[in-house]
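Residue strings, one per chain:
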Amino acid sequence: MMKKLIETNISVGYAVKLGTAYLQEHNIENAAYDSFALFASITGMSRTDYFMKTDEVLSDEILCEYEKCIRLRAEHIPLQHIIGKAYFYGREFQVNQNVLIPRPDTEILVEQTLQILKEENSVLDMCTGSGCIILTLALENKLKKAIGVDLSLDALEVAKKNYNQLQAENVDFIQSDLFTELNGVYDHAFDLIVSNPPYIRSDVIPTLSEEVRLHDPMMALDGFDDGLYFYRKITEAAPAYLKKGGWLMYEIGYDQGKDVSEMMKISGFEDISVIQDLAGLDRVVRGRLL
Ligand code: GLN
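Rules behind the numbers
- Going along each chain's sequence as written, the residues are numbered from 1 onward.
- Where totals are concerned, whole chains, interfaces and linings use all residues; where local detail is concerned, this predicted model gives features only for residues with pLDDT of at least 70, and gives and counts side-chain atom pairs only at 80 or more.
- Calculated side-chain values reflect all of the structure's heavy atoms, with hydrogen atoms and water omitted.
- Numbering of helices and strands runs from the N terminus, with a helix taken as a DSSP run of H or I at least four residues long and a strand as a DSSP run of E at least two residues long.
- Any pair of residues with heavy atoms lying within 4.5 Å of one another is described as a contacting pair.
- Using a 1.4 Å probe, accessible areas were evaluated by the Shrake-Rupley method; residue-level cover was limited to the displayed protein chains.
- Counted as positive: Lys and Arg. Counted as negative: Asp and Glu. His and the chain ends are not counted at all.
- In plain terms, the charge of a residue is placed at NZ if it is Lys, CZ if Arg, CG if Asp and CD if Glu.
- Whether a residue is near a molecule or strand depends on its heavy atoms: it is near if one of them lies within 4 Å of it.
- Counted as a polar contact is a pair of N or O atoms within 3.5 Å, where, for protein atoms, one must be capable of donating a hydrogen and the other of accepting one, and residues adjacent in sequence contribute only when both atoms are in side chains.
- Each residue is assigned to one of three groups, with Ala, Val, Leu, Ile, Met, Phe, Trp, Tyr, Cys and Pro labelled nonpolar, Asp, Glu, Lys and Arg labelled charged, and all others, Gly among them, labelled polar.
- Every axis in this analysis is a line fitted to C-alpha atoms, fitted for helices over the stretch in contact. Angles between the N-to-C directions lie between 0 and 180 degrees.
- Each angle is binned into one of four classes, with values under 35 degrees roughly parallel, values over 145 roughly antiparallel, values of 65 to 115 roughly perpendicular, and all other values oblique.
- Crossings are sorted by hand: turned counterclockwise from the far helix by less than a right angle, the near helix makes the crossing left-handed, and turned clockwise it makes it right-handed.
- Buried means the residue's accessible area, taken with a 1.4 Å probe over protein chains only, is under 20% of the maximum for its type, while exposed means over 50%, and partly exposed covers the values in between.
- The rule for a salt bridge is simple: a side-chain nitrogen of Lys or Arg has to be within 4 Å of a carboxyl oxygen of Asp or Glu.
- A strand pair is defined by DSSP finding two or more bridges across the two strands.
- Counting rule for disulfides: a pair of cysteine sulfur atoms within 2.5 Å.
- Crossover handedness is defined by viewing with both strands directed away from the observer: a clockwise path from the first strand over the helix to the second marks the crossover as right-handed.
- By convention a nonpolar core is built from buried Ala, Val, Leu, Ile, Met, Phe, Trp, Tyr and Cys residues, the set being connected through side-chain atoms within 4.5 Å.

Enquirer: Summarise the overall build of the protein; cite the residues concerned and give the values.
Expert: When helices and strands are tallied, the protein shows eleven helices and nine strands. If one aligns the C-alpha atoms of the protein with their principal axes, the spans along those axes are about 70 × 40 × 35 Å. The long-range fraction of contacts in the protein, counting pairs at least 24 apart against all pairs at least 6 apart in sequence, stands at 65%. Per element, the accessible surface of the protein, about 14100 Å² overall, is 48% carbon and sulfur. Side-chain charges of the protein comprise 28 positive and 45 negative groups, with the mean position of each set lying 2 Å from the other.

Here's what the structure looks like:
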């Protein structure tokens, strides 16, 4: 099947169709979408270009490059890793194997956080990964101070690239095992702490798709035995870093709302609420330190 792709003189439309068929054969879920996305990343074509130029004949060079990408995707390498970028809240972020690929689910957390944030607030993003959350907040809102923390230096390297590329302002990235490096430096410094920590239960990890299980960093997924390790650690420590009236906002797994709300209550948070995503599943927990 794929051999056809490197034949000369095939059209734009036919190439993308062959790509789709090959991905379907390899059980790629959104084969048509991915086939076009790979083609677009090589040619720079928009959907409109694609429809206008569907009968245009492609050069061997482009076909060869396209075939290479299709073959990688057929091996279940995530689309975003092949093209090196992901879209989040309408912006392009660089990604690689050292960061969790930003998820549309996390846009709910950002949206909810933006409803609460005020200009000149100071915000901490714990487990920042690609920096997608803190950079979006800083770009959507004028913040006084914005800090992204991660244990992984490799992840922070990606976050800093995104910071430069997106021309965000006032965002610092700190390598730290949760709050360790912030201790004594940022006491009661933040109006809001936001986090999308690793929250998958260890025993669920083997059931995840190959794309996630083999290509997202394990340290960005694994929430240990009950999946709640990071919520517990962050919730216990957060009051020392929040101002009075400050908010703690989490992304959670669909079945973690009750447990995380309970933890927050024990640590002195009030006005706790669980918010659903577009699929109607619990996705965000927030609470305020009064
Ligand atoms: N904060 C980053 C994101 O939401 C990384 C999250 C993680 O590594 N668990 O994409």
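Enquirer: Help me get a handle on the site of the ligand, residues and values and all.
Expert: Lining the immediate environment of the ligand, one finds L100, T106, C127, T128, G129, C132, I133, N196, P197, P198 and A220. Within the backbone of C127, one N or O atom sits 2.9 Å away from a nitrogen atom of the ligand. Separating a nitrogen atom of the ligand from a backbone N or O atom of A220 is a distance of 3.0 Å. If the ligand stood free it would expose 300 Å²; the protein chains cover 97% of that surface. The residue inventory of the shell around the ligand, partitioned by class, reads seven nonpolar, four polar and no charged.

Enquirer: Residues and numbers for the packing of helix α1 (residues 12-25) against helix α4 (residues 60-74), please.
Expert: Between α1 and α4, the shortest axis-to-axis distance is 10 Å and the interhelical angle comes to 20 degrees. Taken together, the axis directions place α1 and α4 in an arrangement best described as roughly parallel. In the packing of α1 onto α4, the handedness of the crossing is right-handed. Side by side, α1 and α4 meet where A15, V16, G19, Y22 and L23 of the first sit next to L63, Y66, I70, R71, R73 and A74 of the second.

Enquirer: Quick rundown of the side chain of D150? Include the residues and the values.
Expert: With respect to the element layout, D150 can be found in strand β4 (residues 145-150). Buried charge without a salt bridge: D150, with K160 as the nearest opposite-charge side chain at an N-O distance of 11 Å. A distance of 2.8 Å separates the side chain of D150 from the backbone nitrogen of G129, its partner in a polar contact. Among residues more than four places away in sequence, those in contact with D150 are C127, T128, G129, A155, L156, I174, Q175 and S176.

Enquirer: Can you break down the sheet that holds strand β7 (residues 242-251) residue by residue, with the values?
Expert: Taken in spatial order, the seven strands make up an open sheet running β5-β4-β3-β6-β7-β9-β8, and their pairing is mixed. If you trace the sheet from one side to the other, it starts and ends with β5 (171-175) and β8 (269-276), each paired once. Direction aside, the axes of adjacent strands within the sheet are offset by 15 degrees on average. Bridging between strand β6 (residues 190-195) and β7 involves five bridges; their strand directions are parallel. In the sheet register, S195 faces β7, and the bridge partner there is Y250. In this fold helix α7 (residues 132-140) packs onto β3 (122-126), β4, β5 and β6, with an angle of close to 160 degrees to the strand it touches most, β5. Packing of helix α8 (residues 153-166) onto the sheet brings it into contact with β4 and β5, and relative to β5 it is tilted by some 170 degrees.

Enquirer: Which residues make up the state of the cysteines, and what values go with them?
Expert: Here the structure, examined in full by the defined rule, presents zero disulfides. C64 provides the cysteine sulfur closest to C69, a residue in no disulfide bond, and the two sulfurs are 10 Å apart. For the unlinked cysteine C132, the closest cysteine sulfur is that of C127, found at 12 Å.

Enquirer: Break down the pairing of β4 for me, with residues and values.
Expert: Counting buried positions along β4 gives five out of six residues, so the element sits mostly inside the fold. Strand direction decides the pairing type here: β3 and β4, joined by five bridges, are parallel. Bridge pairing links D125 to G148 in β4. The pairing of β4 with β5 spans five bridges and is classified as parallel. Looking at β5, one finds that V149 is bridged to I174. Note that the unit made of β4, α8 and β5 has a crossover that is right-handed.

Enquirer: Go over the nonpolar core, please, and point to the residues and values.
Expert: Core analysis: the largest hydrophobic core is formed by 30 residues, its most contacted members being L124, F179, L182, F190 and I193. Elements represented by at least two residues in this core include exactly β3, β4, β6, α10 (229-237), β7, α11 (257-266) and β9 (282-289). Counting 29 residues, the second largest nonpolar core, distinct from the first, contains L109, I133, L166 and M249.

Enquirer: Account for the pairing of β3, with residues named and values stated.
Expert: Burial within β3 is extensive, with five of its five residues counted as buried. Alternating residues of β3 divide into S122, L124 and M126 and V123 and D125, and every residue in both groups is buried. What joins β3 to β4 is α7, and the crossover it makes is right-handed. Examined bridge by bridge, β3 and β6 share four bridges and lie parallel to one another.

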